[in-house]
Amino acid sequence: MTARILVIGGTGRLGRPVVARLRDAGCEVRVVTRHPGDHGDGIEHLVGDLRTGEGIEPALAGVTTVVNCAGSAKGDDGMARILVRAALGVGTPHLVNISVVGADRVPVRSRVDRAMFGYFAAKLAAEHEISGSGLPWTTLRATQFHDALLAVARQMSKLPVLPVPAGIRFQPVDTGEVAARVAELALGEPAGLVPEMAGPRTYAMDELLRGYLRASRRHRVLLPLHMPGGAARAIRAGANLAPEHAVLGRRTWEEVLVEQVGSSMRAVA
Ligand SMILES: NC(=O)c1ccc[n+]([C@@H]2O[C@H](COP(=O)([O-])OP(=O)(O)OC[C@H]3O[C@@H](n4cnc5c(N)ncnc54)[C@H](OP(=O)(O)O)[C@@H]3O)[C@@H](O)[C@H]2O)c1
């Protein structure tokens, strides 16, 4: 029987390669997006919004698995709640959820923590919505994606002086490798909380930025910035990293810079 899979957030960084992999695996895939129109990939796109619930229940009709790749800086817990409610209304689909490494280890208690790291608390609350739903589920926690950090580096380097959170490290992972794992999980049996996924190396934030600046031949001043609060302290202690017990990706930050920054610089040189 052909698997019928709905990918919410199938237009995003992670969602796009997940959709491509599921389609290539022979699944019947549909995507929910807030933006109607022809997305040019031959995939059925339905309009829906996880903040309001609009269009979600109809999109779920007849699907066996829902991969939730939707997300934003704020409110992923509310979106998970709406997804669960809609899914319970149509049957018992397998919910595949993507969360973040550190969701359970970064304490978000104060106003300062919430303002800077509320994302981690929202992702943990979203995990609880899914795991407590009574529906079959799988959650994968991943570290930051290379291309998300690249977007941050590009944005920051527009400034002459780059404020760099001191003592914070990242273990970036390739989006395509995470997508392959998400697709594999979507095609498998519900597995609960699976081993985390992280990149092959950890880097200090200034190391990541210096690499980007070198690759793009820019010169900027880096200004170390101490971030206050318990969440920042936990992150400085490595709560956002997964050096052990993780499925490690292979692609490195250096490879990404050569492919996506170095080559484009050569192209314009
Ligand atoms: N980026 C990272 O480094 C990272 C690391 C670990 C985990 N994650 C998690 O991975 C997931 C995907 O991240 P990403 O970087 O691929 O995100 P992204 O590129 O920003 O894409 C976000 C996706 O969410 C959809 N979306 C946002 N709000 C929505 C809403 N109200 N209703 C329906 N869809 C909505 C967007 O769809 P439309 O705009 O088409 O509606 C888009 O497809 C998120 O849950 C994120 O927390 C990300």
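The structure this text deals with has already been given above.
Residues numbered from 1 in each chain as written. Predicted model: local features only at pLDDT ≥ 70, side-chain atom pairs only at ≥ 80, totals over all residues.

## What about the packing of helix α3 (residues 76-90) against helix α4 (residues 111-131)?
Note the cut-off: Lines fitted to the C-alpha atoms define the axes, with helices restricted to the stretch that makes contact. Angles between their N-to-C directions range from 0 to 180 degrees. Each helix is a run of DSSP H or I of at least 4 residues and each strand a run of E of at least 2, with the numbering of both proceeding from the N terminus. Comment on the angle field: the value is read as roughly parallel under 35 degrees, roughly antiparallel over 145, roughly perpendicular from 65 to 115, and oblique elsewhere. Left-handed is the label given to a crossing in which the near helix is rotated counterclockwise from the far helix by less than a right angle, and right-handed is the label when the rotation is clockwise. Throughout, a residue-residue contact means that the two C-beta atoms, derived from backbone geometry, are no farther apart than 7 Å.
The interhelical angle for the contact between α3 and α4, taken along N-to-C directions, is 15 degrees, at an axis separation of 7 Å. Taken together, the axes of α3 and α4 are roughly parallel relative to one another. Pair α3 / α4 crosses with right-handed handedness. Listed contacts from α4 to Asp76, Asp77, Ala80, Arg81 and Val84 of α3 are Ala122, Lys123, Ala125, Ala126, Glu129 and Ile130.

## Focus on the nonpolar core
The nonpolar side chains of a soluble globular protein tend to be buried with one another. Formally: By convention the nonpolar core is taken to be a set of buried residues drawn from Ala, Val, Leu, Ile, Met, Phe, Trp, Tyr and Cys and joined through C-beta atoms within 7 Å. Burial is judged by counting the other C-beta atoms within 10 Å of a residue's own C-beta: 20 or more makes it buried, 12 or fewer makes it exposed, and any count in between marks it as partly exposed, with every C-beta position built from the backbone.
Of all hydrophobic cores here, the largest spans 60 residues; its most connected members are Val7, Val18 and Val182. Looking at this core, the element that brings in the most residues is α4, giving seven residues. Residues in contact with Val7, not counting those within four places in the same chain, are Gly15, Val18, Val19, Val29, Val31, Val67 and Cys69. The next biggest cluster of nonpolar side chains, apart from the first, holds 13 residues, and it includes Ala153, Met205, Ala215 and Leu257.

## Quick look at the site of the ligand
Selection rule: Placing the C-beta atom from the backbone, one calls a residue near a molecule or strand if that atom lies within 6 Å of it. Note on residue classes: Ala, Val, Leu, Ile, Met, Phe, Trp, Tyr, Cys and Pro are nonpolar, Asp, Glu, Lys and Arg are charged, and everything else, Gly too, is polar.
Inspection of the region around the ligand gives 26 residues, with Gly12, Arg13, Thr33, Arg34 and Gly71 positioned closest. Those elements that provide at least two residues to the shell around the ligand are β2 (28-33), α3 and β5 (94-100). When the residues that make up the shell around the ligand are grouped by side-chain class, the tally is twelve nonpolar, nine polar and five charged.

## Here we look at the pairing of β2
Condition: Should DSSP find at least two bridges between two strands, the strands are regarded as paired. Handedness of a crossover is defined as follows: with both strands directed away from the viewer, a clockwise route from the first strand across the helix to the second makes it right-handed.
For β2, a buried count of five out of six residues is recorded, marking the element as mostly surrounded by other parts of the structure. In this structure, strand β1 (residues 4-8) lies alongside β2, joined through five bridges in parallel fashion. Bridge pairing links Val7 to Val31 in β2. Tracing the backbone out of β1, into helix α1 (residues 15-24) and back to the parallel element β2 gives a crossover that is right-handed. The pairing of β2 with strand β3 (residues 44-47) spans four bridges and is classified as parallel. Bridged to Val31 within β3 is His45.

## Topic: α4
Think of an α-helix as 3.6 residues a turn; residues three or four steps apart then line up on the same face. This is how it is decided: The angle between axes fitted to the seven residues ending at a residue and the seven residues starting there is what we call the bend at that residue.
Maximum bend of α4: about 85 degrees, positioned at Phe117. Buried residues of α4: Asp113, Phe117, Tyr119, Phe120, Ala122, Lys123, Leu124, Ala126, Glu127, Glu129 and Ile130, and no others. Close packing links the buried residues of α4 with α3, β5, β6 (137-142) and α8 (230-236).

## Brief notes about the packing of helix α5 (residues 146-156) against helix α7 (residues 205-215)
Between α5 and α7, the shortest axis-to-axis distance is 10 Å and the interhelical angle comes to 70 degrees. Relative to α7, the element α5 is oriented roughly perpendicular. α5 and α7 meet at a crossing whose hand is right-handed. Each of Leu149, Ala153 and Met156 in α5 lies in contact with α7, whose residues at this interface are Leu208, Leu209 and Tyr212. In terms of residue class, the contact of α5 with α7 is made up of six nonpolar, no polar and no charged.

## Here we look at the pairing of β5
Successive side chains on a regular strand alternate, one facing one side of the sheet and the next facing the other. The buried count for β5 comes to seven of seven residues, which makes it a mostly enclosed element. Neither face of β5 is exposed, since His94, Val96, Ile98 and Val100 on one face and Leu95, Asn97 and Ser99 on the opposite face are all buried. Relative to β5, strand β4 (residues 65-68) runs parallel, the two sharing four bridges. The partner of Val66 across the bridge, within β5, is Leu95. As for the winding sense of the linkage, the β-α-β connection from β4 through α3 to β5 is right-handed. Here six bridges tie β5 to β6, and the two strands are oriented parallel to one another. Bridging from a neighbouring strand, Leu95 pairs with Trp137 of β6.

## Focus: the environment of Thr64
By the secondary structure assignment, Thr64 is in the loop between α2 (56-60) and β4. Residue classification places Thr64 among the partly exposed residues on the basis of 18 C-beta atoms within 10 Å. In this structure, the C-alpha to C-alpha distance between Thr64 and Ile5, residues 59 residues apart in sequence, is 6.1 Å. Setting aside chain neighbours within four positions, we find Thr64 in contact with Ala3, Arg4, Pro93 and His94.

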